[in-house]
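Single-letter residue listing:
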Amino acid sequence: MPWVPELFSAPALQRVKEKQRRDELVSMPYFDGLMAGEPDALVESFTGEPELYDPVRGRIRGARAFEAFVTETSAWLRQRNVSVEDVERVVAERHGFEELVLHLDGETGRLDLPVAIVAEKSDGLIDELRIYSSSWPLTGRHANRPPLLQPDPELRESDVVGQYQRALAAGDVDAIVAAFEPDGYAREPAGGAHVHSGRDGLRAFYERLFSNGGGIPLEHCALIDDGRSCALEYNVVRWGKTELPPEAGVAVYVRGETGKLAAARIYDDADPPLGVGS
């Protein structure tokens, strides 16, 4: 997910197979495709005009704009000496998502940038890509991002994911910690050291998040769920007692062996009120 592997040359496919230690590729990963130097394969992976939403460049539509974006992004990736760590990938018939961490050169050394990509698909090709990440690791600032999707009032998450969402909206620390496996963890958008694990780590993290006088209700927009992992696209609209302009994000939840959460990984650029941190 997301690029169609059959559209790439044999050498490009072989490089990715060797990197992933696989004999076959169901899909060409997002950043591997960008760096393959084969823009025609990227364009032809779309059902029609290329369309994606990038955290920095915003909406990109049309072959010419897309090819310029690919050229610029590929140059940036090489300039920053980027290596890609795959985290999670779910590929379904009509949609899929991919998680990864970019390890790259910053002004003061190497840094980690978590990224999530969501793809809408039809007939095996891409209709639209939505990329999520925070600007905090790169700039030390938030770049609040307008909604990419409208809320779906009929959307309901099941089992532990629904439990987590209800606790998050209510600001219920006990309920949210109870939704995790004993060794489960939550990762903030900044990634790197911003990982909170175990009962004590999770409790301290969510107590800090809820320190602005309440929970964090989300507008739920779209859900991809394969039974083990799910990606929930949302808009942040309020943080405790502070109303916020709607801001786009996605979170990935991974269920553990007992059905509780083994991981919650967050990808948005919301600016927490009262200096709650990134």
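First, a word on what this report is: a plain description of the structure on this page.

## Thoughts on the layout of surface pockets
Taken as a whole, the largest pocket holds about 560 Å³ of empty space. Along its surface, the largest pocket is lined by 23 residues, and Asp54, Pro55, Val56, Trp76 and Leu138 are the ones closest to its centre. If you list the elements that add at least two residues to the lining of the largest pocket, you get helix H2 (30-34), helix H4 (63-79), strand S7 (109-122) and helix H5 (136-139). Element by element, the count of residues in the lining of the largest pocket is highest for H4, at four residues. A breakdown of the residues in the lining of the largest pocket according to their chemical character gives 12 nonpolar, six polar and five charged.

## Let's talk about the environment of Gly259
With respect to the secondary-structure elements, Gly259 resides in the loop between strand S13 (242-255) and strand S14 (261-268). As a C-alpha pair, Gly259 and Val161 span 98 residues in sequence and 9.8 Å in three-dimensional space. Dropping the residues within four chain positions of it, Gly259 is found in contact with Val160 and Glu181.

## Some words on the side chain of Glu99
Mapping Glu99 onto the fold places it in strand S6 (residues 95-106). A relative accessible area of 0% means that Glu99 is categorised as buried. Among the polar contacts listed, one links the side chain of Glu99 to the side chain of Arg265, at a separation of 2.8 Å. Here the side chain of Glu99 touches Tyr267 through a polar contact of 2.5 Å, side chain to side chain.

## Concerning the sheet that holds strand S10 (residues 195-197)
What the six strands build is an open sheet, ordered S10-S9-S14-S13-S12-S11; its pairing is mixed. The open sheet has two edge strands with one neighbour each: S10 and strand S11 (218-225). Each adjacent strand pair in this sheet contributes to an overall mean axis angle of 15°, direction not counted. Pairing of strand S9 (residues 180-187) with S14 involves four bridges; the strand directions are parallel. What sits directly across from Tyr185, in S14, is Ala263. Packing of helix H6 (residues 159-170) onto the sheet brings it into contact with S9, S11, strand S12 (229-239), S13 and S14, and relative to S13 it is tilted by some 155°. Lying over the sheet, helix H8 (residues 198-209) contacts S9, S10 and S12, oriented at roughly 45° with respect to S9.

## A few points about the pairing of S11
Where S11 lies against S12, seven bridges are found, and the strand directions are antiparallel. Paired with His220 across the strands is Tyr234, a residue of S12. Between the antiparallel neighbours S11 and S12 lie three residues, among them Gly227 with a positive phi of about 95°.

## Things to note about the nonpolar core
In this structure, Trp3, Phe8, Tyr30, Phe31, Phe66, Leu102 and Leu129 are the most contacted members of the largest nonpolar core, which totals 33 residues. When residues in this core are grouped by element, the largest group, five residues, is from S7. When sequence neighbours within four positions are dropped, the list of residues in contact with Phe66 reads Trp3, Leu42, Val43, Phe46, Pro50, Leu52 and Ile60.

## Brief notes about helix H1 (residues 10-20)
Buried residues of H1: Ala12, Leu13, Val16, Lys17 and Gln20, and no others. Down the axis of H1, the buried set is contained in an arc of 135°. They therefore lie on one face. Residues Ala10 and Glu18 are exposed on H1 and point more than 90 degrees away from its buried face. Buried-residue contacts for H1 involve strand S2 (28-29), H2 and strand S5 (83-91).

## Observations regarding the pattern of salt bridges
Taken as a whole and judged by the stated rule, the model has 17 salt bridges. Ionic pairing is found between Arg110 and Asp105, a salt bridge with its closest N-O pair at 2.9 Å. Looking at Arg110, the relative accessible area reads 45%, which means it is partly exposed. One salt bridge in this structure joins Arg203 and Asp174, with 2.9 Å as the shortest N-O distance. On the criterion of sequence distance, the pair formed by Arg203 in helix H8 and Asp174 in helix H7 (residues 173-178) is long-range, its members being 29 residues apart. One network of salt bridges, in which partners are shared, links Glu88, Glu99, Arg228 and Arg265.

## Some words on the environment of Arg130
You can see Arg130 is positioned in strand S8 (residues 125-132). Residue Arg130 is classed as buried on the basis of its relative accessible area, which comes to 2%. For the pair formed by Arg130 and Ala119, sequence separation is 11 residues and the distance between their alpha carbons is 6.5 Å. Sequence-distant contacts of Arg130, that is, excluding residues within four places in its chain, are made with Tyr53, Ala116, Ile117, Val118, Glu120, Leu148, Leu149 and Glu233. One polar contact links Arg130 to Glu128, side chain to side chain, over a distance of 2.7 Å. At 2.7 Å, the side chain of Arg130 and the side chain of Glu233 are in polar contact.

Definitions and cut-offs
- Residue indices follow the written sequence of each chain, beginning from 1 at its first position.
- Residue-level local features of this predicted model are given only where pLDDT is at least 70; pairs of side-chain atoms are given and counted only at 80 or more, and the full residue set underlies all totals for whole chains, interfaces and linings.
- As a rule here, side-chain values cover all heavy atoms of the structure and leave hydrogens and water aside.
- The distinction between a cavity and a pocket rests on a 1 Å grid over the protein atoms alone: a 1.4 Å probe fits inside a cavity but cannot get out, while a pocket stays open yet meets protein on both sides within 12 Å along at least five of seven lines, and a residue with an atom within 4 Å of a point counts as lining.
- Grid points are joined across faces, edges and corners, and a volume is the space filled by probe spheres set on the points.
- Here a strand is any run of E in DSSP of at least two residues, a helix any run of H or I of at least four, and the numbering for each starts at the N terminus.
- In this classification, Asp, Glu, Lys and Arg are treated as charged, Ala, Val, Leu, Ile, Met, Phe, Trp, Tyr, Cys and Pro as nonpolar, and every other residue, Gly included, as polar.
- Contacts are residue-level and defined by heavy atoms, with any inter-residue pair within 4.5 Å sufficient.
- Relative accessibility under 20% of the residue-type maximum defines a buried residue, over 50% an exposed one, and the middle range a partly exposed one, all with a 1.4 Å probe and only protein chains included.
- Two N or O atoms count as a polar contact when they lie within 3.5 Å, although within protein this holds only if one can serve as hydrogen donor and the other as acceptor, and sequence-adjacent residues are included solely when both atoms are side-chain atoms.
- Two strands qualify as a pair provided that DSSP identifies no fewer than 2 bridges between them.
- Helix axes are fitted only over the stretch in contact, all axes being lines through C-alpha atoms; the angle between N-to-C directions runs from 0 to 180 degrees.
- Side-chain atoms within 4.5 Å are what join buried Ala, Val, Leu, Ile, Met, Phe, Trp, Tyr and Cys residues into a set we call a nonpolar core.
- To be clear, the arc concerns the directions from the helix axis to the C-beta atoms.
- Definition used for salt bridges: Asp or Glu carboxyl oxygen within 4 Å of a side-chain nitrogen of Lys or Arg.

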